[in-house]
Amino acid sequence: MSKAGITVATADPPAPAVRPLPRRRGVELALIVLAVLLSVYGYCAVGLARYGALPPGAAGYGAGLGVLALLAHLAVRLRAPYADPLLLPIGVLLNGLGLVLIYRLDLETPGDRAAPAQLVWSTLGVALFILVVLLLRDHRVLQRYTYVCVVTALVLLTLPILFPAVNGARIWIRIAGFSIQPGEFAKVLLAVFFAAYLAANRNALAYTGRRVWKLQLPTGRVLGPIVAVWLVSVGVLILERDLGTSLLFFGLFVVLLYVATGRTGWIAVGLLLAALGAVAVGRLEPHVHSRIETWLHPFASIEAGEGANQLAQSLFAFAEGGMLGTGLGLGHSFLIGFAVKSDFILATAGEELGLAGLCAVFLLYALLVERGFRAGLDQREPFGRLLAVGLASLVALQVFVIAGGVTGLIPLTGMAMPFLAQGGSSVVTNWAIVALLVRVSDSARRSHDGRGVR
């Protein structure tokens, strides 16, 4: 500044201090310890209720779950220090509760123990979580493999067609006593493909056509992708007789279309096509039709003198649980039959934990989905945003169709409840989903400029 021939130097104003991002790994560790303790408490409660003494394997179960959780935490602390601190503890608690429920049901079927195998699969799932967190330094690398993902996913979806049906559906590959459900892995690959494809083509898909009532519908020119996905989902439903995978596959695509374009017309078109496909296949495919009939008339078998079917037994279990439940180990949900540890494990939770415990389980799922959505909203690039929303939507859709099926809200789908149900493919895949959400949330917070950290 110059005044009366004198030049006065003025210093620039100091830059505002940027608040450092809290890593919150201590919070994560504390929540993991709490999750492990709650799981061990549930395991002990089952033993006390059934035998009046602590089960002999309680210490080993707690140590094993604790070591797995600690290794996963160390991987996050090392490679994703800014990740959301709630994702990993929620996964540990849900997985631990699932092991407790399966162990409890094993007591009713001593000749068919599923808990040891589920623990092995859980270990593999946590190992995959650690590998993804350590080796995948940037989630955007997955964009390079867009079409590799979709081709691999389609191969995985069609492989079960070559194998015999299991319980009426062709969703399993069974060789020499070893079984795997390829559709569980395909859903993650499809989420990556949809996120990458829509991130690259979202502007073209955002063009809209005429307005019908309050909906802005897409033009006919851009309906091609959604019609193609609809045909593939209906094809999966017809060939594999699997309603759940078809709904999950198509629902994921419609959700990501809406997120990518912001056009409600995609939701309207998606619901219309889904309804048309479900009605057509429900009338023509005997296995799907029988499930719809059971849903419409759950007590018909009782009236016919044939005894309660699985859905009726599930409804009885929920009713017996009441508000606070019968207590772990004291229910009778094992009367459901062969699918009680897989498709209907939520009925065991509802009977023995009651409505209060069931609401707590649903809140855990809701929190997991919300943190996934938050990681997506915090992302500044479209692929990461769509990937996080897609992965969280997978969990949300799966919980909805399973919970809706076992409570009689919608027809049964034959899917596995994330982390809770027996199923090695399912638990490994869900740990991969949590790992990818951890990676995306870490990237989102690293790129934050410090103004209002969430």
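Residues numbered from 1 in each chain as written. Predicted model: local features only at pLDDT ≥ 70, side-chain atom pairs only at ≥ 80, totals over all residues. Heavy atoms only, no water.

The next thing to look at is the environment of His297. Structurally, the position occupied by His297 is in the loop between α10 (286-296) and α11 (300-303). A relative accessible area of 46% means that His297 is categorised as partly exposed. Each C-alpha atom, one on His297 and one on Gly408, is 9.8 Å from the other, the two residues being 111 residues apart in sequence. (Helix = DSSP H or I, 4+ residues; strand = E, 2+ residues; numbered from the N terminus. Buried < 20%, exposed > 50% of the residue type's maximum accessible area, 1.4 Å probe, protein only.)

Time to look at the layout of surface pockets. There is about 560 Å³ of room inside the second largest pocket. Taken together, 21 residues form the lining of the second largest pocket, with Leu247, Leu271, Ala274, Ala275 and Phe400 sitting closest to its centre. If you list the elements that add at least two residues to the lining of the second largest pocket, you get α8 (243-261), α9 (264-284), α10 and α14 (382-406). In terms of residue count, α8 provides more of the lining of the second largest pocket than any other element does, seven residues in total. Of the residues assigned to the lining of the second largest pocket, the class counts are 19 nonpolar, two polar and no charged. (1 Å grid on protein atoms, 1.4 Å probe; cavity = no way out; pocket = protein on both sides within 12 Å on 5 of 7 lines; lining within 4 Å. Points joined across faces, edges and corners; volume = space filled by probe spheres on them. Nonpolar A, V, L, I, M, F, W, Y, C, P; charged D, E, K, R; others polar.)

If you look at the biggest cluster of nonpolar residues, it comprises 120 residues, and the most contacted ones within it are Phe129, Phe194, Leu391, Met417, Leu420, Trp431 and Val438. Excluding its chain neighbours within four sequence positions, the residues that come into contact with Phe129 are Ala72, Val76, Leu88, Trp431, Val434, Ala435 and Val438. (Core = buried A, V, L, I, M, F, W, Y, C linked by side-chain atoms within 4.5 Å. Contact = heavy atoms within 4.5 Å.)

Here the focus is helix α2 (residues 58-79). If you check α2, its first and last C-alpha atoms are 32 Å apart, about what 22 residues at 1.5 Å a residue would give, namely 32 Å. Turning to α2, its buried residues are Ala58, Tyr61, Gly62, Leu65, Leu68, Ala69, Ala72, His73, Ala75 and Val76. Taken end-on, α2 shows its buried residues confined to a sector of 165°, consistent with a single buried face. With respect to the buried face of α2, the exposed residues turned more than 90 degrees away are Ala59, Gly60 and Leu78. Buried residues belonging to α2 abut α1 (25-51), α3 (87-106), α4 (115-135) and α15 (424-446). (Expected span 1.5 Å × (residues − 1). Arc of directions from axis to C-beta.)

The next subject is the packing of helix α13 (residues 345-377) against α14. Two numbers describe how α13 lies on α14: the axes approach to 8 Å, and their chain directions differ by 165°. Relative to α14, the element α13 is oriented roughly antiparallel. Of the two elements, α13 crosses α14, and the hand of that crossing is left-handed. When α13 is examined against α14, the residues Leu346, Phe362, Tyr365, Leu368, Val369, Gly372, Phe373, Ala375 and Gly376 are found in contact with a partner set consisting of Gly384, Arg385, Ala388, Val389, Ala392, Ser393, Val395, Ala396, Val399, Ala403 and Val406. When the residues that make up the contact of α13 with α14 are grouped by side-chain class, the tally is 15 nonpolar, four polar and one charged. (Axes fitted to C-alpha atoms, helices over the stretch in contact; angles between N-to-C directions. Parallel < 35°, antiparallel > 145°, perpendicular 65-115°, else oblique. Left-handed = near helix turned anticlockwise from the far one by under 90°.)

Residues with a pLDDT of 70 or more make up 84% of the chain, whose mean pLDDT is 83. When mean pLDDT is taken per element in the chain, α3 scores highest with 95 and strand β1 (residues 2-3) scores lowest with 49. (pLDDT = per-residue confidence, 0-100.)

A contiguous nonpolar patch, built from Leu29, Val33, Leu37, Val67, Leu70, Leu71 and Leu74 and spanning about 580 Å² of accessible area, is present on the exposed surface. Of all elements in the fold, only α1 and α2 reach the threshold of two or more residues within the nonpolar patch. The biggest single contributor to the nonpolar patch is α2, with four residues. With respect to the secondary-structure elements, Leu37 resides in helix α1. (Patch = residues over 30% accessible without salt bridge, like charges linked within 9 Å, V, L, I, M, F, W, Y side chains within 5 Å. Areas by Shrake-Rupley, 256 points an atom, 1.4 Å probe, with all protein chains shown as cover. Salt bridge = Lys/Arg side-chain N within 4 Å of Asp/Glu carboxyl O.)

A word on the pattern of salt bridges. When charged atoms on two side chains of opposite charge get close, those side chains can pair. Taken as a whole, this structure holds 11 salt bridges when the rule is applied. In this structure, the salt-bridge partner of Asp442 is Arg439, at a minimum N-O distance of 3.3 Å. Note that Asp442 and Arg439 are positioned in helix α15 at a spacing of three residues, about one turn of the helix. Owing to a relative accessible area of 3%, Arg439 belongs among the buried residues under this scheme. Taken together, the shared-partner salt bridges connect Arg50, Arg104, Glu108 and Glu352 into one network.

A few words on the side chain of Ser314. Tracing the sequence through the fold places Ser314 in helix α12 (residues 310-321). According to the relative accessible area criterion, Ser314 is buried, its value standing at 0%. Discounting residues that sit within four places of it in the chain, Ser314 has contacts with Ile336, Phe344, Ala347 and Val406.

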